[in-house]
Amino acid sequence: MNLTLIDWLIMFVYFVFVLGIGFALKRYMKSSTDFFLAGRSLPAWVCGLAFISANLGAQEVIGMAASGAKYGIATSHFYWIGAIPAMVFVGVFMMPFYYGSRARSVPEYLSLRFDEKTRGLNAISFATMTVFSSGISMYAMAKLIQVLHILDKPLAAMGLSQGWTFHISIILSGIIVLIYIFLGGLTSAIYNEVLQFFLIVAGFLPLVMLGLKNVGGWSGLKHDLPSNFTHSWQGMSNAHTNPLGVEWFGLVMGLGFVLSFGYWCTDFLVVQRAMAADSMSSARRTPLIAALPKMVFPLIVILPGMIAIAVPKLVTAANVTGTGTQISTTAPQGKGLIPVKIDPDTGKPMFNTDGKPVLDYDLAIPNMLLHYCPTGLLGLGLTALLASFMSGMAGNVTAFNTVWTYDIYQSYIHKNASDEHYLWMGRMATIFGIILSMGAAYAATRFNNIMDFLQLVFAFVNAPLFATFLLGMFWKRTTGHAAFTGLLSGTAAAALHHGLTLPEGAVAGIKGGWLGLVHVYPSDMAQNFWTAIWAWTTCFVVTILVSMVTKPREEKELVGLVYSLTEKPSEGHLPWYKRPAVLGVFVLGVALLLNIIFW
Amino acid sequence: MGLDIRIPIGLMFSILGMILVLFGAFGNSAIYQRSLGINVNLDWGSVLLVFGALMLAYGIRGGRRAAAAAKEAGAGNQAGKQSRPNGH
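What counts and how
- Position labels on residues start from 1 in each chain and follow its written sequence.
- Both sets of labels track the order of writing: A upward for chains, 1 upward for ligands.
- A pLDDT threshold of at least 70 governs which residues receive local features in this predicted model, and a stricter bar of 80 or more applies before side-chain atom pairs are shown or counted, although totals over entire chains, interfaces and linings include all residues.
- To get the side-chain values, all heavy atoms of the structure are used, and hydrogens and water are removed first.
- Residues count as neighbours in contact if any of their non-hydrogen atoms are within 4.5 Å of one another.
- Throughout, buried area stands for the accessible area (probe radius 1.4 Å) lost by two parts on being put together, summed over both.
- Between Lys or Arg on one side and Asp or Glu on the other, a salt bridge is scored when a side-chain nitrogen of the former is within 4 Å of a carboxyl oxygen of the latter.
- Two N or O atoms count as a polar contact when they lie within 3.5 Å, although within protein this holds only if one can serve as hydrogen donor and the other as acceptor, and sequence-adjacent residues are included solely when both atoms are side-chain atoms.
- A helix here means a DSSP run of H or I that spans at least four residues, while a strand means a run of E at least two residues long, and both kinds are numbered starting from the N terminus.
- Residue polarity follows a fixed list, in which Ala, Val, Leu, Ile, Met, Phe, Trp, Tyr, Cys and Pro are nonpolar, Asp, Glu, Lys and Arg are charged, and the others, Gly among them, are polar.
- Boundary definitions for the domains trace back to an automatic or database domain assignment.
- In this analysis, axes come from line fits to C-alpha atoms, helices being fitted only over the stretch in contact, and the angle between any two N-to-C directions falls in the range 0 to 180 degrees.
- Orientation categories follow fixed angle ranges, with anything under 35 degrees roughly parallel, anything over 145 roughly antiparallel, 65 to 115 roughly perpendicular, and all other angles oblique.
- Less than a right angle of anticlockwise turn of the near helix away from the far helix marks a crossing as left-handed, whereas a clockwise turn marks it as right-handed.
- Classification of residues uses two cut-offs on accessible area relative to the type maximum, computed with a 1.4 Å probe and protein chains only: under 20% is buried, over 50% is exposed, and between them is partly exposed.
- We place a 1 Å grid over just the protein atoms. Points where a 1.4 Å probe fits but has no way out form a cavity, open points with protein on both sides within 12 Å along at least 5 of 7 lines form a pocket, and any residue with an atom within 4 Å of a point lines it.
- Grid points are joined across faces, edges and corners, and a volume is the space filled by probe spheres set on the points.
- Patches here are clusters of residues that have more than 30% relative accessible area and form no salt bridge, with a 9 Å joining cutoff for like charges and a 5 Å cutoff for nonpolar side chains (Val, Leu, Ile, Met, Phe, Trp, Tyr).
- What sets the accessible areas is the Shrake-Rupley method with a 1.4 Å probe; for residues, cover comes only from the shown protein chains.
- Note that His is not counted, nor are the chain ends; the positive residues are Lys and Arg, and the negative ones are Asp and Glu.

A separate point is the interface of chain A and chain B. Across the contact, 46 residues belong to chain A and 28 residues belong to chain B. With both chains or domains summed, chain A and chain B bury close to 3100 Å², and 81% of this area falls on carbon and sulfur atoms. Here chain A is connected to chain B by zero salt bridges. For the pair chain A and chain B, the number of links is six residue pairs in polar contact (both at pLDDT 80 or more). Among the secondary structure elements, those contributing two or more residues to the side of chain A that touches chain B are α1 (5-25), α3 (44-55), α10 (164-215), α17 (317-321), α18 (364-372) and α19 (377-413) of chain A. Residues belonging to the side of chain A that touches chain B are distributed by class as follows: 33 nonpolar, eleven polar and two charged.

Residue and element names in this part refer to chain A. Annotation of chain A at the domain level lists domain 1 (5-24 + 39-327 + 365-446) and domain 2 (453-567). For domain 1 and domain 2, the distance between their C-alpha centroids amounts to 25 Å. With both chains or domains summed, domain 1 and domain 2 bury close to 3600 Å², and 79% of this area falls on carbon and sulfur atoms. Looking only at domain 1, the three residues that lose the most surface to domain 2 are Phe-97, Arg-113 and Phe-114, adding up to 19% of its buried area. On inspection of domain 1 and its partner domain 2, the count reaches zero salt bridges. For the pair domain 1 and domain 2, the number of links is nine residue pairs in polar contact (both at pLDDT 80 or more). For the side of domain 1 that touches domain 2, the secondary-structure elements that each account for two or more residues are α6 (84-100), α7 (106-113), α8 (116-148) and α13 (248-266). When residues of the side of domain 1 that touches domain 2 are assigned to their parent elements, the largest contribution, 13 residues, is made by α13. Here the side of domain 1 that touches domain 2 is composed, by residue class, of 28 nonpolar, twelve polar and four charged.

With that out of the way, let us pick up the packing of helix α23 (residues 480-500) of chain A against helix α24 (residues 524-549) of chain A. Describing two packed helices takes the angle between their axes plus the distance from one axis to the other. Residues and elements named next belong to chain A. As a packed pair, α23 and α24 sit with axes 7 Å apart at the nearest point and diverge in direction by 150 degrees. Considered as vectors, α23 and α24 are oriented roughly antiparallel to each other. The way α23 lies across α24 gives a crossing that is right-handed. Only Gln-527, Trp-530, Thr-531, Trp-534, Ala-535, Thr-538, Cys-539, Val-542, Thr-543, Val-546 and Ser-547 of α24 make contact with α23, whose side of the interface consists of His-481, Ala-482, Ala-483, Thr-485, Gly-486, Leu-487, Ser-489, Gly-490, Ala-493, Ala-494, His-497 and His-498. In the contact of α23 with α24, the residues fall into eleven nonpolar, twelve polar and no charged.

Residue and element names in this part refer to chain A. On inspection of all chains with the given rule, the structure shows twelve salt bridges over all chains. The shortest N-O distance in the salt bridge between Asp-407 and Arg-119 comes to 3.0 Å. Of this pair, Asp-407 sits in helix α19 while Arg-119 sits in helix α8, and the two are 288 residues apart along the sequence. Exposure remark for Asp-407: the relative accessible area of 0% places this residue in the buried category. For Lys-511, the salt bridge goes to Asp-524, with nearest N and O atoms at 3.0 Å. With a gap of 13 residues between them, Lys-511 in the loop between β1 (501-503) and β2 (519-521) and Asp-524 in helix α24 connect regions that are remote in the sequence. Taking the relative accessible area as the measure of exposure, Asp-524 reaches 37% and is therefore partly exposed. Several salt bridges converge on common partners, so that one network encompasses Arg-104, Glu-108, Glu-116, Arg-119 and Asp-407.

Turning to the layout of surface pockets, a few remarks are in order. Residue and element names in this part refer to chain A. The computed volume of the second largest pocket comes to approximately 430 Å³. As for the second largest pocket, its lining consists of 19 residues, of which Trp-8, Met-11, Phe-15, Leu-151 and Leu-172 are closest to the centre. Those elements that provide at least two residues to the lining of the second largest pocket are α1, α8, α9 (152-157), α10 and α19. Grouping the constituent residues of the lining of the second largest pocket by class yields 17 nonpolar, two polar and no charged.

Attention now moves to a nonpolar patch on the surface. All names here are of chain A. Residues Leu-9, Phe-12 and Val-16 make up a contiguous nonpolar surface patch of about 280 Å² in total accessible area. Tracing the chain through its elements places Val-16 in helix α1. With a relative accessible area of 43%, Val-16 lands in the partly exposed category.

Here we come to the packing of helix α4 (residues 58-71) of chain A against α19 of chain A. Residue and element names in this part refer to chain A. Between α4 and α19, the shortest axis-to-axis distance is 7 Å and the interhelical angle comes to 125 degrees. Relative to α19, the element α4 lies oblique. Along the contact surface, α4 presents Ala-58, Val-61 and Ile-62, while α19 presents Leu-385, Ser-388 and Phe-389. Partitioning the contact of α4 with α19 into residue classes produces five nonpolar, one polar and no charged.

So, on to the side chain of Arg-285 of chain A. Residues and elements named next belong to chain A. Position of Arg-285 relative to the elements: it lies in helix α15 (residues 280-301). No salt bridge is formed by the buried Arg-285, whose closest oppositely charged neighbour, Asp-278, lies at an N-O distance of 6.2 Å. Every residue in contact with Arg-285, bar those within four places of it in the chain, is listed here: Ala-44, Lys-578 and Leu-583.

In structure tokens form, the structure reads like this:
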């Protein structure tokens, strides 16, 4: 790729601001609360944009565009079904307990509500997961920088070979994230997430507008793509008649309920952003404000993928010759701007078992950028992409240093130290968290299967979580022993279900079926959603049963932690547009409307 | 937190917008073949410039208000006359 001085200048300006924010915030980091919770002092809109941005890592940006190219507008289910309802729920119903209990983290809420073992289980699995997620993010970024040959020229100028690209990408991104979190803690991460939010919009919106203009708008897109690509609910009554390969019940229950509520309502990575808010009402509004841009994000992240598939027929000869830097988009078997996947070991195109070429959908966004963006805008788009990788990493690192310091170090290793000591430990945790992430990134290059395996294990651990929180917050009878056994049996149920089923056309192993074969699902997605449904249901039932036979805690200990024993937060003093319930209803209404429009 | 995020956002987008506008206005126009003949650097750069300037204006106004409020709280009636910021 040919980046010019202007592109580098844009990237440079961004990095100056990223680090500048860290340095500017350094003098405000006086206590551990400042460092881990931004002093609980940020306005709702800042927390809201960070809430959405922490989730908008590059895997999300690239992955959603890839899904858009693969499945069409049905990908929007991950937003309108798989995010919005859960975001409204956490804001309106759950935030009063997270924020109101003064817990400093999600695991700490579990220790207040249940007991130490439930907290320990959650804290340790969550901390491990954040390190690996941030490592995978680093790995993906370094790979993309390699594929796009961004660093070739500067490396050549320094007399280094292209083999250095990967190492330099990992080290540079690690150091930058380290500096700004080390200096400014969570505030720094949140401020950078807000900056990144605007940068993503600034970088990708012109791409969508140019692309749409090129294919003749939404109607042109409808004309060029099969009809189930532009109608999100078409064929959802049966798994075999829609591109996702899953039926509506599995979609709504598995994705819309279990997975989505499990992520948005219990994952400390996002909840931490709301805990940084300056008041209870700001904390409750955080996910609701986040839901507003989240609803229209399909426009920015899914549409480019759909355009990438539709583009070629309308491209004129002049356009093709003008794009010498593209990555083999005109390869004969490719589709639109999506090239055939190249096997990294052999350098040859890959084919599936039917002999059809495998498409590299992950290149949808990068190729769209290269196709439409001239120098200048290209720099902006690439900067946006890099920014999203970094903020995905930074989000994990801040969640890690908090859970490590408060829920592992302070709880089990060194109690009753001074606040200064914990602030220092937070900074140290930032350093070794990033070093561990780098280690994970390198592990991913060597043992790809291990990474897949770990992600699978995390999926098993996460799937039942929401059942525990739901019962814990809304049923005062739920006990600590029940929560703990419920979580373990939910995880076991997920593993068992995975071990007994397979998606169509897959072989037993990492895809499932390692215990035997009871059922075959039409797609990976259907299998995932049903694994989650089984895990959740098992956890829910076991938690209730064990609660019935164990001794509940006294009611006075549960004030502020359980719905029926907690005073409802008053909203009377707020203007109507700031009331969480009003905002929640509005958000759900718009989400419904979007579903109807793109029916 | 002492730093208002609107100020760095405003500054950054003003600078990025300015770079794109200048490059769009004075750079080689042959590069716009791939963006369907539209000088996207000039157009989008102006949008970013306006956005950055607005953010900056709101950030500065917010800072003045906070300073005025703090002054008022600290010095009583003394600060009353300055509590309303100029402009905007």
